[in-house]
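# Per-entry structural report
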Number of protein chains: 2
Amino acid sequence: MAGIKEVAERAGVSTATASRALSGRGHVSPAARERVLSAAKDLGYVMSYAASSLASGRSRTVGVIVPFINSWFFSELLEGITSALMSEGYDLSLYSFDRQGQRQRVLADYLLRKRLDAVVAASLRLDESELKQLLDVGKPIVEIGGLVPGVPSIHLDEHAVARFATEHLIGLGHRQIAHLGGTAETGPDYFPMSTDRREGFYAALRDAECEISPRWDLNADYTVADGYRKVKTLLAGPGPRPTALFCSSDAMAVGAILAARDLGFTVPGDLSVIGIDGNPIGEAVGLTTIAQFPARQGSQAAEILLEHLAAGERPMAPQSVVVETDFIVRSSTAVPASR
Amino acid sequence: MAGIKEVAERAGVSTATASRALSGRGHVSPAARERVLSAAKDLGYVMSYAASSLASGRSRTVGVIVPFINSWFFSELLEGITSALMSEGYDLSLYSFDRQGQRQRVLADYLLRKRLDAVVAASLRLDESELKQLLDVGKPIVEIGGLVPGVPSIHLDEHAVARFATEHLIGLGHRQIAHLGGTAETGPDYFPMSTDRREGFYAALRDAECEISPRWDLNADYTVADGYRKVKTLLAGPGPRPTALFCSSDAMAVGAILAARDLGFTVPGDLSVIGIDGNPIGEAVGLTTIAQFPARQGSQAAEILLEHLAAGERPMAPQSVVVETDFIVRSSTAVPASR
DNA sequence: CTGAAAGCGCTAACAT
DNA sequence: ATGTTAGCGCTTTCAG
């Protein structure tokens, strides 16, 4: 297998010039560059990343940490990050942990050493010392969907979005509105995702002086199945029923709609349902939702990092990007039936 | 930042011994090992993977190639691969391509060079020359869900599974059975996923001498939304309706059930529906399905690779593992209504 | 703009 | 069991 030495020889230049021509760093005469490039092509030259990385300190690899992969949001996110990274020739190293000392190992070993040029962390909860470590090492990092002081982040305005969704229901005339949020924690490693949404929801309720009932505050694990279960229990139970339901995710909202239908209720006739996400799964049940385009968030995060890496070593400005959302009105929300 | 040299010094041994103690390769006296390990801990030593990789030719990184990330099957797969890899301290490099020369670049640059120790390819269609390259380089590789001659693979017996599902419907008394398969291609890079399932379906139909109608042969893109659309068109259209429907994926089956319900049909009363996957999304609509546990497939693939890497360099035996499935009967299938 | 040469930090013979 | 030493293949000063 040909190395840079063979390429240089064939092109009649030194390995230094070959390296410069190949990497695009430093000046090389057009003629020399041309010869190097074609020599490389002739020989089927492929750079050794290990060697390059050892010598230069750059690895052309970005680490991505997610709480789990199999969820609509995070897999879309990954999709976006992957494509942004690949089109710049960067590698993506994927990490996901939720138990044991894996967290320590990943954060310490992988992030702190030359292995990674940058990190995108989704919902990752960094404590002070971890953050300090990362910043000390000078690794660019961006958070998606979580706030860590001092770290650039991309996220939606959870509070405002939840409030907006709730106000949509209120605007339609609903006063009895239930809340289906995410289960509190994904463990200590990651941010709970729906805390701010819950607050936005209640803020809207309070402003409109709607009744607030703890019986109408549900939590599920973000899946269709659990949303179905929890909402079925609520609707089938005794006591007054809400006329509308706010869900922290579309998947749970779909579960909720199916549960309502199974009990003989109509949506939106007997129950209006709104979700957050823009998960296509909602289409088939006509779910009204607020779309947040996670793939775009992912590629945006990657681009910020890539730009930073291209520009050089100055520390990252802790910018905070609030992503745009679309309000998608379908058929799951309507004015409440008059009683 | 401390290197192996400092660690060796502090432990009072040579770097060679330190290296051996740290990596576990070669013999080191318990005493020396102890001293090295504690010196490493004291200094917060973290190995440089670039250097290690350059010197040893091993990168402790496994490449994973998937057609896309955001689908239940592939993200479950990834989940399984990730956890198997992480628990052995391996890194996972994620690739996904569907256009441009990315394919070439990934296959040539990444797989052929020292960057990766092994590869798991999901549904990846390798042509002869690519395969030859990979085998020449001696990189262990396992395919999931696709057959490439000479490459070890993990997959279900698509034909048998589809046949089994179809025979379940036939066994209930159905004779008018429609087929909802996957759209033919994901591009030239990957295997179409449902070809064998389609054949198994028709084999069962032929054996039972059921009628076969091209009008009842649908294709969708594996999503709930598209399944919904296609089935709604079928059921709302003129002409005889099937009494049962076989779907190549649970997501499409869910779409089908929702479409049927929206048209006022009951499932399974007017239409029995069966899927393949074991996607939890089917739970909420009572979908009968054949579960295939992709996460398990992923970790199995990773374990095969890891074992091979641990054992040394002999070429991989092109074993072919057929994964187990579970038949999960819920409420979407029943005997046809007598007409 | 180009070349010579000194490493990057670790591993693996080889020798002891 | 341990130490010595020669690289792994590339990048990057530093001279020219």
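Note that the structure is a prediction, hence the values are computed from the model and not measured.

## Some thoughts on the interface of chain A and chain B
- Every contact between the two is made by 58 residues of chain A and, on the other side, 56 residues of chain B.
- Contact between chain A and chain B buries roughly 4,700 Å² in total, counting both sides, with carbon and sulfur atoms accounting for 55%.
- At the surface where chain A touches chain B, the tally comes to 6 salt bridges.
- In this structure, B:Asp91 and A:Arg115 form a salt bridge, with 3.3 Å as the shortest nitrogen-oxygen distance.
- In this structure, the connection of chain A to chain B is made through 20 residue pairs in polar contact (both at pLDDT 80 or more).

## What about empty space enclosed by the protein?
- Tallied over the full model, the rule gives 3 cavities of 30 Å³ or more.
- The space that makes up the largest cavity amounts to roughly 290 Å³.

## Quick notes on the pattern of salt bridges
- What the rule picks out here adds up to 20 salt bridges over all chains.
- For B:Lys230, the salt bridge is made with B:Asp226, and the minimal N-O distance between the two is 3.2 Å. Taken together, the residues span about one helical turn, with B:Lys230 and B:Asp226 both in helix 10 (residues 224-236) at a distance of 4 residues.
- Where salt bridges share partners, they join A:Asp226, A:Arg229, A:Lys230 and B:Glu283 into one cluster.

## Some words on the domain arrangement of chain A
- Structurally, chain A comprises domain 1 (4-56), domain 2 (61-155 + 294-323) and domain 3 (158-291).
- On a C-alpha basis, the centroid separation for the pair domain 1 of chain A and domain 2 of chain A is 31 Å.

## Observations regarding the UniProt feature "domain: HTH lacI-type" (unreviewed entry) in chain A
- As recorded in UniProt, the sites labelled "domain: HTH lacI-type" (unreviewed entry) are residues 2-56 of chain A.
- Here residues 2-56 of chain A runs as 71% helix and 0% strand, with 20 Å between its end C-alpha atoms.

## Describing the environment of A:Ala337
All names here are of chain A.
- Tracing the backbone shows alanine 337 in the segment after strand 12 (326-328).
- The class of alanine 337 is partly exposed, set by a relative accessible area of 46%.
- The spatial distance from the C-alpha of alanine 337 to the C-alpha of glycine 173 is 9.6 Å, given a sequence separation of 164 residues.

## Focus: the protein's contact with DNA strand D
- Neighbouring DNA strand D are 26 residues, the closest being A:Ile4, A:Ser19, A:Arg58, B:His27 and B:Ser29.
- Atoms of DNA strand D within 4 Å of the protein belong to the sugar or the phosphate in 65% of instances, the rest to bases.
- Between DNA strand D and A:Ser19, the relevant distance is 2.6 Å, taken from a phosphate oxygen to a side-chain nitrogen or oxygen of the residue.
- Taken together, the elements giving at least two residues each to the surface near DNA strand D come down to helix 2 (15-23) and helix 4 (49-56) of chain A together with helix 2 (15-23) and helix 4 (49-56) of chain B.
- Per-element accounting of the surface near DNA strand D gives the leading share, 4 residues, to helix 4 of chain A.
- Across the surface near DNA strand D, the residue classes break down as 12 nonpolar, 10 polar and 4 charged.

## Let's talk about the sheet that holds strand 7 (residues 217-220) of chain B
All names here are of chain B.
- Here we have 6 strands laid out as an open sheet, ordered 7-6-8-9-10-12, and mixed in their pairing. For this open sheet the edge positions go to strand 7 and strand 12 (326-328), each flanked by a neighbour on one side alone. Here the average twist between neighbouring strands, direction ignored, is 15°.
- Pairing between strand 6 (residues 177-182) and strand 7: 4 bridges, direction parallel.

## As for the side chain of A:Thr288
All names here are of chain A.
- Here threonine 288 is to be found in strand 10 (residues 288-291).
- At 3.0 Å, the side chain of threonine 288 forms a polar contact with the backbone nitrogen of arginine 330.
- Apart from residues no more than four positions distant in its own chain, threonine 288 is found in contact with His168, Val273, Ile274, Gly275, Phe327, Ile328, Val329, Arg330, Ser331, Ser332 and Thr333.

## Thoughts on the protein's contact with DNA strand C
- Surveying the vicinity of DNA strand C reveals 25 residues, the closest of which are A:His27, A:Ser29, B:Ile4, B:Ser19 and B:Arg58.
- Each atom of DNA strand C within 4 Å of the protein was classed as base or backbone; sugar and phosphate made up 69%.
- In this structure, A:His27 approaches DNA strand C through a side-chain N or O atom, which is 2.5 Å from a phosphate oxygen.
- In the environment of DNA strand C, a phosphate oxygen lies 2.5 Å from a nitrogen or oxygen atom belonging to the backbone of B:Ile4.
- Elements with a minimum of two residues in the surface near DNA strand C: helix 2 and helix 4 of chain A together with helix 2 and helix 4 of chain B.
- In terms of residue count, helix 4 of chain B provides more of the surface near DNA strand C than any other element does, 4 residues in total.

## A few points about the sheet that holds strand 12 of chain A
Residue and element names in this part refer to chain A.
- Read from one edge to the other, the open sheet built from 6 strands follows the order 7-6-8-9-10-12, with strand pairing classed as mixed. The two strands at the open ends of the sheet, each matched to only one other strand, are strand 7 (217-220) and strand 12. Strand-to-strand, the axes of this sheet are offset by a mean angle of 15°, without reference to chain direction.
- Direction of pairing for strand 8 (residues 244-247) relative to strand 9 (residues 272-277): parallel, over a ladder of 3 bridges. Of the residues in strand 9, the one forming a bridge with phenylalanine 246 is isoleucine 274.
- Across the face of the sheet, helix 10 (residues 224-236) comes into contact with strand 6 (177-182), strand 7 and strand 8 while running at roughly 155° to strand 7.

## Structural notes on the packing of aromatic side chains
Residue and element names in this part refer to chain A.
- This structure, assessed with the given rule, holds 10 aromatic pairs over all chains.
- Between phenylalanine 164 and phenylalanine 327, the ring centres sit 4.9 Å apart and the planes meet at 85°, which makes this aromatic pair edge-to-face. Taken as a pair, phenylalanine 164 in helix 8 (residues 158-171) and phenylalanine 327 in strand 12 lie far apart in primary sequence, 163 residues in all.
- Every member of this aromatic cluster is reached through a ring pair, and the members are Phe68, Phe73 and Phe74.
- Over the ring of phenylalanine 293 we find arginine 296, and its NZ or CZ is 4.3 Å from the ring centre.

## Things to note about the packing of helix 5 (residues 72-87) of chain A against helix 12 (residues 294-311) of chain A
Residues and elements named next belong to chain A.
- Direction vectors running N to C along helix 5 and helix 12 enclose 40°, while the axes themselves pass 6 Å from each other. Classified by the angle their axes make, helix 5 and helix 12 are oblique. For helix 5 against helix 12, the interelement crossing comes out right-handed. Residue-level inspection shows Trp72, Phe73, Glu76, Leu77, Gly80, Ile81, Ala84 and Leu85 of helix 5 in contact with helix 12, the latter providing Pro294, Ala295, Gln297, Gly298, Ser299, Ala302, Glu303 and Leu306.

## Re the pairing of strand 3 (residues 118-122) of chain A
All names here are of chain A.
- Extensive coverage of strand 3 is indicated by the burial of 5 of its 5 residues.
- Residues of strand 3 alternate between two faces, with Ala118, Val120 and Ala122 on one and Val119 and Ala121 on the opposite face, all of them buried.
- The pairing of strand 1 (residues 61-65) with strand 3 spans 4 bridges and is classified as parallel. Paired with isoleucine 65 across the strands is alanine 121, a residue of strand 3.
- Pairing analysis gives 4 bridges linking strand 3 to strand 4 (residues 141-144), with the strands arranged parallel. Across the sheet, residue alanine 121 finds its bridge partner in strand 4, namely glutamate 143.
- Taken together, strand 3, helix 7 (residues 128-137) and strand 4 constitute a β-α-β crossover, and its handedness is right-handed.

Rules used throughout
Residues numbered from 1 in each chain as written. Chains lettered and ligands numbered in written order. Predicted model: local features only at pLDDT ≥ 70, side-chain atom pairs only at ≥ 80, totals over all residues. Heavy atoms only, no water. Contact = heavy atoms within 4.5 Å. Buried area = accessible area lost by both parts, 1.4 Å probe. Salt bridge = Lys/Arg side-chain N within 4 Å of Asp/Glu carboxyl O. Polar contact = N/O pair within 3.5 Å; in protein donor to acceptor, adjacent residues only side chain to side chain. 1 Å grid on protein atoms, 1.4 Å probe; cavity = no way out; pocket = protein on both sides within 12 Å on 5 of 7 lines; lining within 4 Å. Points joined across faces, edges and corners; volume = space filled by probe spheres on them. Helix = DSSP H or I, 4+ residues; strand = E, 2+ residues; numbered from the N terminus. Domains from an automatic or database assignment. UniProt positions renumbered as here; feature names shortened; annotations may be inferred. Buried < 20%, exposed > 50% of the residue type's maximum accessible area, 1.4 Å probe, protein only. Near = heavy atom within 4 Å. Nonpolar A, V, L, I, M, F, W, Y, C, P; charged D, E, K, R; others polar. Pairing = 2+ DSSP bridges. Axes fitted to C-alpha atoms, helices over the stretch in contact; angles between N-to-C directions. Phe/Tyr/Trp six-rings, centres within 6.5 Å; stacked < 30°, edge-to-face > 60°. Lys NZ or Arg CZ within 6 Å of the ring centre and 35° of its normal. Parallel < 35°, antiparallel > 145°, perpendicular 65-115°, else oblique. Left-handed = near helix turned anticlockwise from the far one by under 90°. Right-handed = clockwise from strand over helix to strand, strands pointing away.

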